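Descriptive structure summary
Now for the letters of each chain:
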Amino acid sequence: MSHTFDVPDALKKRTSTVAIDELARRGHRTVNVLDKAAVLNLIDEAVQNVVEERLSEINEEDRDRIRDEARSEFTRLVKARKSEQEKQQEKYEKRIHTLREQAVDLQEKLQEAQHHSSEPSSNLDSDQLRSVVKEALEDARTEPTSATGDQIEGIQKSIDALASKVAKGSGGSSSQVQEVPSEEALVAIFSKPAEEELENNLEQIEVKNAKAGGIAANLAKLRGLQKETE
Amino acid sequence: MGDYADYARDNFDSNGPAANVDKDQKKEVVFGVEEANALNAVNYPVKDSTDVPATTPVNTASDSSNAAVAQGRGLDVGTANLVSSFQDSTGNVNLKIQRNAFIDIDCDDYTRNMLTRLGVQYVVVNNRMVVVGDPAFELANIFNRNTRRPMKDGMISPDETDALPIERMLLETLLGQPKQQGENCYFSVPAEPIDAEMNVVYHQGVFGGLLKGLGYDPKPLVEGHAVVFSELAEDDFTGIGISCGGGMFNVCVSYKSIPALSFSTTRGGDWIDRNVAHVLGISSSRACGLKEKGIDLANPQGREEEAVEIYYRNLISYTLKNIKERFESSSSMPSFPEPVSIVCAGGTSMIGGFTEVFQQEFEKIQFPLDIKEIRLAEDPLYSVSKGCLVAALSESV
């Protein structure tokens, strides 16, 4: 059943090309022209006529055989197509899995980077991360995405967002080392008067007041202890 | 505390717990007549108001301007409350208390006038009206929102960009100008936490700077040590002081006023609020109101009170286990010749039955020191501020 006949190829092989001048030299004044499509149509018509004639002649047994052969060919074709689709699906799933792992990995690195953002030596290598992200995105773009395009698109967006976060987050820590200022420096910074006076009514409202027992005894005792230690 | 507790109780009884509260709700607040009436019921004192007669101040102290003031100030910089203190000529300690919380609402002339008439403090920051102190809690409950907090886990909050200008103004209101430039002001700071990686340098530097900007000579004092100064004079400042705050529990073991061991744990009243809010489906501010309405931990009534009791017990147990572990692993622990006292202070210790539950949880562990007694501070809410004041005055001539 798998036998096929390439009619155009057979025509090409069995015909010869002759120049018009040569034909004239041989004394031909006119030629009958039959184009390739007309030939194919003629063949189709001839085959159809023969098959119809033969089908009317074939017995029950041949008819069953032809039906079985047709069914089996159909089943083979379906299986082949299905297998191809499964392979494709498997490929897509592997890709999604890899992208998801990359996304998780980036998320972890981002969290780690945020956690250690105050530490001068961060383990985060922003260039490496960017290249991983870029590679993943390039891979995703070059592969066919018709079957699971939405999923891959979603993961791409997620990776893009992560890459952007990583780039923003790591920029500061990798480019400049932030040292915690000393307490004296902080006191100096925050003791400066406010840049602008904020509108408020705090002066007009009495804050809740209370009175508590004296602390004279505590003071006397503490001063006594201080004297002892002197 | 009383004003808010009364209000919270009324509000909670009438409105009940809010189910399915969105954690990040940020509704725009519209200040209407109902809200105004609710706030008016609290009777906040108004100074120099010409529009309405001044209402009677709550617990008004004698006018500080007429009393001779000893040199030196104390300041408790707490996650939940800011408390300043000074000593007047009669030897009494005068305190000013402010809730360390705020809430932002729409800014317009009507609200501006109404708040001032009601005696509610506000600051305008970035074109938003920021209500500060206790009224912020009331508004938060009315609108079922959470208050914004300048401090978190015992330190200046990195999440609140508006915190610094507001803290600056609150400190100015609480302390006023120094009697003379460079007057001592001891302010409380948390000890290094043992259950979190946090650095107190920034927090200490910020408040030191703000106080210096007001003209004071700022001096930090570890919270637990302040409790020792305030509450353990009779024991020669020897024993264990615990400050049970909103963001942290601070512990100090002291021998004759010298701190032998100080540390903090990062669970406090806010931790209870968050957990109670979570299990009851209400906002943290409302959970705080529930906690402060007058619950007795030794005899909780109903589901809400039981939730509070469960988390209190857990917090106390957690703190005691940490203290025990730290004592056992520390090489600098003194060996006391006699049993010592444990004194608990801070707003979180003020709930009914606190000492009983503390005692019960204490008995469950093998504590490595001989303890004479476990007691509450004389004035738990003011204890840290008073301790800071003792330290400040002990340096003045």
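Attention in this report is confined to the structure presented alongside it. All of these numbers come straight from a predicted model, not from anything done at the bench. (Residues numbered from 1 in each chain as written. Chains lettered and ligands numbered in written order. Predicted model: local features only at pLDDT ≥ 70, side-chain atom pairs only at ≥ 80, totals over all residues.)

1. Focus on the overall build of chain A
Scanning chain A from N- to C-terminus turns up 8 helices and 1 strand. Secondary structure elements of chain A, listed N to C terminal, follow the sequence α-α-α-α-α-α-α-β-α. Of all 230 residues assigned to chain A, the portion counted as buried reaches 13%. The long-range share in chain A, meaning contacts at least 24 apart out of those at least 6 apart in sequence, stands at 78%. (Helix = DSSP H or I, 4+ residues; strand = E, 2+ residues; numbered from the N terminus. Buried ≥ 20, exposed ≤ 12 C-beta atoms within 10 Å, placed from the backbone. Contact = placed C-beta atoms within 7 Å.)

2. Re the sheet that holds strand 1 (residues 73-77) of chain B
A sheet is described by the order of its strands in space; here 6 strands give the open sequence 1(A)-3(B)-2(B)-1(B)-9(B)-10(B), paired in mixed fashion. Looking at which strands have only one partner, the edges of the open sheet turn out to be strand 1 (208-212) of chain A together with strand 10 (216-222) of chain B. Going from strand to strand, the sheet's axes swing by 25 degrees on average, the running direction of each strand aside. Here strand 1 of chain B pairs with strand 2 (residues 81-87) of chain B via 4 bridges, running antiparallel. In the strand pairing of strand 2 of chain B, Leu75 of chain B is matched with Ser84 of chain B. Against the sheet, helix 5 (residues 163-175) of chain B touches strand 1, strand 2, strand 3 (93-99) and strand 9 (183-189) of chain B, its axis set at about 30 degrees to strand 2 of chain B. The sheet contacts of helix 6 (residues 200-213) of chain B involve strand 1, strand 9 and strand 10 of chain B, and relative to strand 10 of chain B the element is tilted by about 150 degrees. (Pairing = 2+ DSSP bridges. Axes fitted to C-alpha atoms, helices over the stretch in contact; angles between N-to-C directions.)

3. Considering the sheet that holds strand 15 (residues 371-376) of chain B
Residue and element names in this part refer to chain B. If you trace the 5 strands from one edge of the open sheet to the other, you get 13-12-11-14-15, paired in mixed fashion. Single-partner strands in this sheet number two, and they are strand 13 (258-265) and strand 15. Pairs of neighbouring strands in the sheet enclose a mean axial angle of 15 degrees, with direction left out of account. Here strand 14 (residues 340-345) pairs with strand 15 via 5 bridges, running parallel. By the bridge assignment, Val340 is partnered in strand 15 with Ile371. Sitting on the sheet, helix 7 (residues 223-231) is in contact with strand 11 (239-244), strand 12 (249-255), strand 13 and strand 14, with an inclination near 120 degrees to strand 11.

4. Points about the nonpolar core
Counting residues in hydrophobic clusters, the biggest one holds 109 residues, and the most contacted among them are Val131 and Cys388 of chain B. For this core, the element with the highest residue contribution is helix 10 (residues 302-329) of chain B, accounting for 8 residues. (Core = buried A, V, L, I, M, F, W, Y, C linked by C-beta atoms within 7 Å.)

5. Considerations on the environment of Leu175 of chain B
All names here are of chain B. The topology assignment puts Leu175 in helix 5. Residues Leu175 and Tyr216 lie 41 residues apart in sequence; the distance between their C-alpha atoms is 9.7 Å. With near-sequence residues (within four places) excluded, Leu175 lies in contact with Arg73, Leu75, Ser84, Cys185 and Leu214.

6. As for the interface of chain A and chain B
At the junction of the two partners, chain A supplies 37 residues and chain B supplies 59 residues. Broken down by secondary-structure element, the contributors of at least two residues to the side of chain A that touches chain B are helix 7 (183-190), strand 1 and helix 8 (216-229) of chain A. For the side of chain A that touches chain B, the element with the highest residue contribution is helix 8 of chain A, accounting for 9 residues. Grouping the constituent residues of the side of chain A that touches chain B by class yields 20 nonpolar, 9 polar and 8 charged. Sheet topology places strand 1 of chain A next to strand 3 of chain B; 5 bridges connect them, and they run antiparallel. Bridge pairing links Asn209 of chain A to Lys96 of chain B in strand 3 of chain B. (Nonpolar A, V, L, I, M, F, W, Y, C, P; charged D, E, K, R; others polar.)

7. A short note on the pairing of strand 2 of chain B
Residues and elements named next belong to chain B. Of all 7 residues making up strand 2, 7 are buried, and the element is well covered by its neighbours. Residues Asn81, Val83, Ser85 and Gln87 line one face of strand 2 and the alternating positions Leu82, Ser84 and Phe86 line the opposite face, and both faces are buried. Linking strand 1 to strand 2, which pair antiparallel, is a turn of 3 residues. As defined by bridge partners, strand 2 adjoins strand 3 across 7 bridges and the pair is classed as antiparallel. Bridge pairing in strand 3 links Phe86 to Asn94. The turn linking strand 2 back onto strand 3 is made up of 5 residues, and Gly91 within it adopts a positive phi angle of 90 degrees.

8. Comments concerning the packing of helix 4 (residues 134-142) of chain B against helix 9 (residues 284-291) of chain B
Residues and elements named next belong to chain B. Relative to each other, helix 4 and helix 9 sit at 115 degrees, their axes nearing to 9 Å. Taken as axis vectors, helix 4 and helix 9 run roughly perpendicular relative to one another. Judged by the twist between their axes, the crossing of helix 4 over helix 9 is left-handed. Counting all contacts with helix 4, which are made through Phe137, Ala140 and Asn141, the residues of helix 9 involved are Ser285, Arg286 and Gly289. Split by residue class, the contact of helix 4 with helix 9 holds 2 nonpolar, 3 polar and 1 charged. (Parallel < 35°, antiparallel > 145°, perpendicular 65-115°, else oblique. Left-handed = near helix turned anticlockwise from the far one by under 90°.)

9. Re unusual backbone geometry
With the exception of glycine, the majority of residues adopt a negative phi angle, and the majority of peptide bonds are in the trans configuration. All names here are of chain B. Even without a glycine there, the phi angle at Asn126 is positive, about 50 degrees. Of note, Asn126 is situated in the loop between strand 5 (122-125) and strand 6 (128-132). Unusually for a residue other than glycine, Ser257 sits at a positive phi of about 75 degrees. If you trace the backbone, Ser257 turns up in the loop between strand 12 and strand 13.

10. What about the packing of helix 7 of chain A against helix 6 of chain B?
Running from N to C, helix 7 of chain A and helix 6 of chain B cross one another at 40 degrees; their axes reach a closest spacing of 7 Å. Relative to helix 6 of chain B, the element helix 7 of chain A lies oblique. In this structure, helix 7 of chain A meets helix 6 of chain B at a crossing whose hand is right-handed. Of the residues in helix 6 of chain B, those in contact with Glu183, Leu186, Val187, Ala188, Ile189 and Phe190 of chain A of helix 7 of chain A are Val201, Tyr202, Gln204, Gly205, Val206, Gly208, Gly209, Leu210, Lys212 and Gly213 of chain B. Class assignment for the residues of the contact of helix 7 of chain A with helix 6 of chain B results in 9 nonpolar, 5 polar and 2 charged.

11. Examining helix 8 (residues 269-280) of chain B
All names here are of chain B. Its 12 residues place the ends of helix 8 16 Å apart at the C-alpha level, agreeing with the 16 Å of an ideal helix rising 1.5 Å per residue. Residues Gly269, Asp270, Trp271, Ile272, Asp273, Val276 and Ala277 constitute the buried set of helix 8. Tucked into the core, helix 8 has its buried residues touching helix 9 and helix 10. Just downstream of helix 8 lies Gly281, where phi reads positive at about 70 degrees. (Expected span 1.5 Å × (residues − 1).)

12. Quick notes on helix 9 of chain B
By the criterion of burial, helix 9 of chain B is predominantly enclosed, with 8 of the 8 residues buried. Of all the positions in helix 9 of chain B, only Ser284, Ser285, Arg286, Ala287, Cys288, Gly289, Leu290 and Lys291 of chain B are classed as buried.

13. Overview of the environment of Gly205 of chain B
Looking at where Gly205 of chain B falls in the secondary structure, it is placed in helix 6. Residue classification places Gly205 of chain B among the buried residues on the basis of 25 C-beta atoms within 10 Å. In this structure, the C-alpha to C-alpha distance between Gly205 of chain B and Pro218 of chain B, residues 13 residues apart in sequence, is 9.8 Å. Discounting residues that sit within four places of it in the chain, Gly205 of chain B has contacts with Glu183, Leu186, Val187 and Phe190 of chain A.

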